[in-house]
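Spelled out from the first residue to the last, the chains are:
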Amino acid sequence: NLLSIISASDNPPLNWQTFKNDQMNLKFYYSEDFSVSFAGENVVKLSNNAKDLDELTFLFYSKKLKDGELIDDIGVSLPFVMDGISLGSQQVQIPGFTAKVKTYATGEKTNLLFLLRHNDQGFAIRVSPGNSRKATEFGTILQSVRPLNP
């Protein structure tokens with residue numbers, strides 16, 4: 001289970017890079033096997049550019065939350081599409097965040113949408129496929145997500 005390996009980590013693994021962006025108030029670690037690119041305003045794409053279930057692609061979206069906005073409000077108007085049929089959502093433990101994950105199915109693949117909130121900072125993270133064979137990389141990247149200015 002990909003979600004069972006998420007725990008706190010403030011140190012990047014050996015040979016991993018650090019992504020930081022002040023505008024998005026976002027920091028995370030990624031393997032040198034991955035490429036990072038901007039995919040729109042406040043959207044970063046991280047991918048290992050593999051195929052099928054060896055693929056692992058993240059889309060990170062950052063949003064300042066207004067007073068009264070809840071964690072579900074982060075996912076209301078996303079700048080990317082969530083493919084598939086919604087299979088439900090559940091609260092998850094991600095250190096430093098109030099967090100929820102929503103699961104979507106598209107045939108053999110699943111896509112995950114993580115909604116994270118830390119104070120007035122919201123993040124939506126689309127992971128495709130959610131059933132990737134790259135569980136270690138998935139967990140390490142997800143557990144490294146931090147706001148730059150908590």
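I will try to describe carefully the structure that is included in this document. Everything numeric here is computed off the predicted structure, so don't read it as measured data.

### Here we look at the packing of aromatic side chains
- Counted under the stated rule, the structure contains eight aromatic pairs.
- On the numbers, 4.8 Å between centres and 20° between planes, the contact of F19 with F28 is stacked. Both residues of the pair, F19 and F28, count as buried.
- Between F28 and F60 the ring centres are 4.2 Å apart and the planes differ by 10°, which places this aromatic pair in the stacked class. With a gap of 32 residues between them, F28 in strand β2 (residues 26-31) and F60 in strand β5 (residues 57-64) connect regions that are remote in the sequence. In terms of burial, F28 and F60 fall into one category: buried.
- An aromatic cluster is defined as three or more aromatic residues linked by ring pairs; in this entry it consists of F19, F28, Y30, F38, F58, F60, F114 and F138.

### Overview of the environment of F38
- Along the chain, F38 turns up in strand β3 (residues 35-38).
- Measuring from C-alpha to C-alpha, the distance between F38 and F60 comes to 9.5 Å, with 22 residues separating the pair along the chain.
- Ignoring anything within four residues of it in the chain, the contact list for F38 reads F19, N21, M24, V43 and V44.

### Examining the pattern of salt bridges
- Per the counting criterion, the structure on display carries six salt bridges.
- Here K63 and E69 are joined by a salt bridge, their closest N and O atoms 3.2 Å apart.
- Classification of K63 by relative accessible area gives buried; the value is 17%.
- The partner of K64 in a salt bridge is D120, and the shortest N-O contact between them spans 3.4 Å. Here K64 is found in strand β5, whereas its partner D120 is found in the loop between β8 (109-118) and β9 (121-128), with 56 residues between them in sequence.
- You can call D120 partly exposed: its relative accessible area is 38%.

### Quick notes on the side chain of K100
- Positionally, K100 belongs in strand β7 (residues 98-106).
- In this structure K100 comes out as buried when scored by relative accessible area, which is 11%.
- Side-chain polar atoms of K100 contact the side chain of D72, separated by 2.9 Å.
- Once residues within four sequence positions are removed from consideration, K100 is found in contact with I71, D72, S89, Q90, Q91, V92, L113, F114 and L115.

### A word on the pairing of strand β6 (residues 85-92)
- With seven bridges joining them, β6 and β7 adopt antiparallel strand pairing. When the sheet's bridge partners are listed, Q90 is paired in β7 with V101.

### Points about the environment of T103
- Summarising the element assignment, T103 is placed in strand β7.
- A C-alpha to C-alpha distance of 5.8 Å links T103 and G88, two positions 15 residues apart in sequence.
- Excluding residues that lie within four positions of it along the chain, T103 makes contacts with I85, S86, L87, G88, T110, N111 and L112.

### Comments concerning the sheet that holds β8
- Overall, antiparallel pairing links the seven strands, which are arranged β3-β4-β5-β9-β8-β7-β6 in an open sheet. The sheet is open, and its two edges are formed by β3 and β6, each paired on a single side. When the angles between neighbouring strand axes are averaged without regard to direction, this sheet yields 20°.

Conventions we followed
- Residues numbered from 1 in each chain as written.
- Predicted model: local features only at pLDDT ≥ 70, side-chain atom pairs only at ≥ 80, totals over all residues.
- Heavy atoms only, no water.
- Phe/Tyr/Trp six-rings, centres within 6.5 Å; stacked < 30°, edge-to-face > 60°.
- Buried < 20%, exposed > 50% of the residue type's maximum accessible area, 1.4 Å probe, protein only.
- Helix = DSSP H or I, 4+ residues; strand = E, 2+ residues; numbered from the N terminus.
- Contact = heavy atoms within 4.5 Å.
- Salt bridge = Lys/Arg side-chain N within 4 Å of Asp/Glu carboxyl O.
- Polar contact = N/O pair within 3.5 Å; in protein donor to acceptor, adjacent residues only side chain to side chain.
- Pairing = 2+ DSSP bridges.
- Axes fitted to C-alpha atoms, helices over the stretch in contact; angles between N-to-C directions.

These figures capture arrangement, not role.
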